[in-house]
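# Descriptive structure summary
Residue-level listing of the chains:
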Amino acid sequence: MPQILDRIFSSNLKTFFLLLGITSLFYSNILLGGFVFDDNIFIENNTQVKSLDIAGIYRSSTTAGAGLSGDNFYRPNQQLIYATLHALFGLSPFWFHLVSILAHVINGFLLFLLFIRIGFARSQAVFGSALFLLHPILTQAVSYVSGLSEPLVLMSILGTVILFDKSWFVASAVVFAVGLFSKENQSIAIGLVALLAYFRYMRGELEAPKKIIVFIFSLLSLSFLYFLFRPGTLDFSSYSAPELSTRLLTFLHVLPQYAKMLFWPLPLYYEKPYTFVPFFTPSSLLSIALIISGIWASFHSIVKKRGEIFLGLGWFAVVMTPFLGIVPMNAVYLEHWLYIPIIGIIICLIYFFDFKKHWPIIFIVLILFGVRITFRNLEWGDPIKFYKNELRYTDNSARIYVNLGMEFAERGDCSSAMSLYRQAIGMNDTYPQTHHNLAVCLEETGDISGAKEEYLKALKINPYFPYSRAALEKLLRD
């Protein structure tokens, strides 16, 4: 078997089609899936997407086209792709899922090229790429259409890093600038470029250090200009986050959860608890031990002048920086946040594993991961199955109840929908959408007075909520 694979791996083109094939094998069932969760905001009910309003897409927040405001989402490259797909194929989920899968495959191939440049054997590079492509934790960024920003920004991050490593500085800077409009996390490419530069320096492979310093400062300048002129400000006042010390302690508390998700991707669900921990816990102490061990392993790697472990752990640390809690976030931890950091762990794994010696074990792991992806896609592809799976782990999330209610309402079951809406209101009565959705169902079942009351409650929460204003005005006219 290793000899057969060596012949396949000898060609980059054959390797690409191999990666495409194994990814398609396990992700193909999501192509039959529909839209779910925030897809209704980013795509289905987004006027900018439906009208291919390119100027509006790049001048306003991602959710502006859905009539929402006051958030920090700005993903114009993602929205432009959605708008183009809508113009070509309408609201057919197949094409949206297909683009996400293709973006994921391209990232896997770019990783293969990066691993080769780092110095890994081709068999190790293919193993690392396949592990990335088939890790179940990444379904949240691939099978979920609205997760496209993660594959998009990784594509530009890898492009920035690879082109930098080839000393194509201008091309690297252009890719970096474009990537900023996929997601602001493109800025972490600056840290990865610096990390790779030190890796080359440590191995005596660094060329033109002065040019590299100038290049890094140019990336910093581009990033500064992006944040300076970015539509809307990065306003985190809407997040009910505690003080910085509590956020950092919470990160230490949940860090072992990231490790668990990486090495044992069961169970998988979106809505993680938004709970802060203002004190040290056993999990926090375990995190501190892991961090100290990582620092020691990195230092040992530098002393040995190999550097792969330093590069891998450094990659993980750099990319996890936005999630430390320094900047308030809308969640404590999420599966798709590992889409880019996982690469650092994979670098460490392929350094230790000899593919030719351990290929049977590696094949079994990849097949098990692939099967897990297929079963997870049954949930991502069916909104009701998806939300019911969420409620197995997060039965106190109002928005899950609301979204499940919306799915029942779309299928004509307003009785089940209204029960779910009322449960959501009892948990968290801060969103006008819940009252609006309840009002729509009441109106459809003939309870006009109840509908008016719920529309008014929605407008009490947000006097400018357009859908309730229009619906109430229509009711009053009638």
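My aim in this report is to walk through the structure given alongside it, one point at a time. Note that this is a predicted model, so its numbers are computed, not measured. (Residues numbered from 1 in each chain as written. Predicted model: local features only at pLDDT ≥ 70, side-chain atom pairs only at ≥ 80, totals over all residues. Heavy atoms only, no water.)

### What to know about the pattern of salt bridges
One pass over the full model with this rule turns up 16 salt bridges. Taking the shortest distance from any N to any O, the salt bridge between Arg411 and Asp382 comes out at 3.8 Å. Pair noted here: Arg411 is in the loop between helix 20 (398-410) and helix 21 (414-427) and Asp382 is in the loop between helix 18 (355-380) and helix 19 (383-393), with a separation of 29 residues, a long-range link. The class for Asp382 is partly exposed, based on a relative accessible area of 23%. One salt bridge in this structure joins Glu454 and Lys457, with 3.6 Å as the shortest N-O distance. (Salt bridge = Lys/Arg side-chain N within 4 Å of Asp/Glu carboxyl O. Helix = DSSP H or I, 4+ residues; strand = E, 2+ residues; numbered from the N terminus. Buried < 20%, exposed > 50% of the residue type's maximum accessible area, 1.4 Å probe, protein only.)

### Points about the nonpolar core
Counting residues in hydrophobic clusters, the biggest one holds 121 residues, and the most contacted among them are Phe115, Phe132, Tyr258, Trp315 and Ile343. Ranked by residues supplied to this core, first place goes to helix 12 (residues 188-202) with 10 residues. What Phe115 contacts, discounting residues up to four positions off in sequence, is Phe120, Ala125, Gly128, Ser129, Ile343, Ile346, Ile347 and Ile350. By size, the runner-up hydrophobic cluster in this structure holds 13 residues, among which are Phe35, Val49, Val145 and Leu152. (Core = buried A, V, L, I, M, F, W, Y, C linked by side-chain atoms within 4.5 Å. Contact = heavy atoms within 4.5 Å.)

### Quick look at the packing of helix 16 (residues 308-320) against helix 17 (residues 342-352)
Running from amino to carboxyl end, helix 16 crosses helix 17 at an angle of 160 degrees, the nearest separation of the two axes being 6 Å. Comparing the axis directions of helix 16 and helix 17 gives the class roughly antiparallel. Along this stretch, helix 16 crosses helix 17, giving a crossing that reads as left-handed. In this structure, helix 16 contributes Glu308, Ile309, Leu311, Gly312, Leu313, Trp315 and Phe316 to the contact, and helix 17 contributes Ile343, Gly344, Ile345, Ile347, Cys348, Tyr351 and Phe352. Considering only residue class, the contact of helix 16 with helix 17 consists of 11 nonpolar, two polar and one charged. (Axes fitted to C-alpha atoms, helices over the stretch in contact; angles between N-to-C directions. Parallel < 35°, antiparallel > 145°, perpendicular 65-115°, else oblique. Left-handed = near helix turned anticlockwise from the far one by under 90°. Nonpolar A, V, L, I, M, F, W, Y, C, P; charged D, E, K, R; others polar.)

### A short note on the packing of aromatic side chains
In this structure the tally under the stated criterion is 34 aromatic pairs. For the ring pair Phe132 and Tyr339, a centre distance of 5.2 Å and an interplane angle of 65 degrees mean the geometry is edge-to-face. One end of the pair, Phe132, is in helix 8 (residues 122-133); the other, Tyr339, is in the loop between helix 16 and helix 17, with 207 residues separating them in the sequence. One exposure class covers both Phe132 and Tyr339, and it is buried. With 4.6 Å between their ring centres and 15 degrees between their planes, Tyr269 and Tyr393 make a pair best called stacked. Residue Tyr269 is located in the loop between helix 14 (244-263) and helix 15 (282-303), and its partner Tyr393 is located in helix 19; the two are separated by 124 residues in the primary sequence. The exposure class assigned to Tyr269 is buried, which follows from its relative accessible area of 12%. Ring pairing ties together the aromatic residues Phe37, Tyr144, Tyr270, Trp380, Phe386 and Tyr387, which thus form one cluster. (Phe/Tyr/Trp six-rings, centres within 6.5 Å; stacked < 30°, edge-to-face > 60°.)

### Focus: helix 22 (residues 432-444)
Taking 1.5 Å per residue, 13 residues should reach 18 Å; helix 22 reaches 19 Å between its end C-alpha atoms and fits that length. Listing the buried residues of helix 22 in full gives Pro432, Thr434, His435, His436, Asn437, Leu438, Ala439, Cys441 and Leu442. Looking at the buried side of helix 22, the elements it contacts are helix 20, helix 21, helix 23 (448-461) and helix 24 (466-477). Phi turns positive, to about 95 degrees, at Gly446, one or two residues after helix 22. (Expected span 1.5 Å × (residues − 1).)

### A look at unusual backbone geometry
With an omega of -10 degrees, the peptide bond running from Leu266 to Pro267 counts as cis. In this structure, Phe37 takes a positive phi of about 60 degrees despite not being glycine. Within the secondary structure layout, Phe37 lies in the loop between helix 2 (12-27) and helix 3 (39-44). A residue is classified by how much of its surface remains accessible, and Phe37, at 4% relative accessible area, is buried. Positioned with a positive phi, Ala208 is a non-glycine residue whose angle comes to about 55 degrees. Take Ala208: it is sitting in the loop between helix 12 and helix 13 (209-229).

### Regarding the environment of Met427
Within the secondary structure, Met427 is located in helix 21. Residue classification places Met427 among the partly exposed positions, given a relative accessible area of 36%. Sequence-distant contacts of Met427, defined by excluding residues within four places in its chain, comprise Asp395, Asn396, Ser397, Ala398 and Tyr401.

### With respect to helix 8
When the terminal C-alpha atoms of helix 8 are compared, their 16 Å separation across 12 residues agrees well with the 16 Å that a helix rising 1.5 Å per residue should span. Burial of helix 8 is extensive: 11 of the 12 residues sit out of reach of the surface. Within helix 8 the residues assigned to the buried category are Ser123, Gln124, Ala125, Val126, Phe127, Gly128, Ser129, Ala130, Leu131, Phe132 and Leu133.

Without other data, these values stay purely geometric and don't point to any function.
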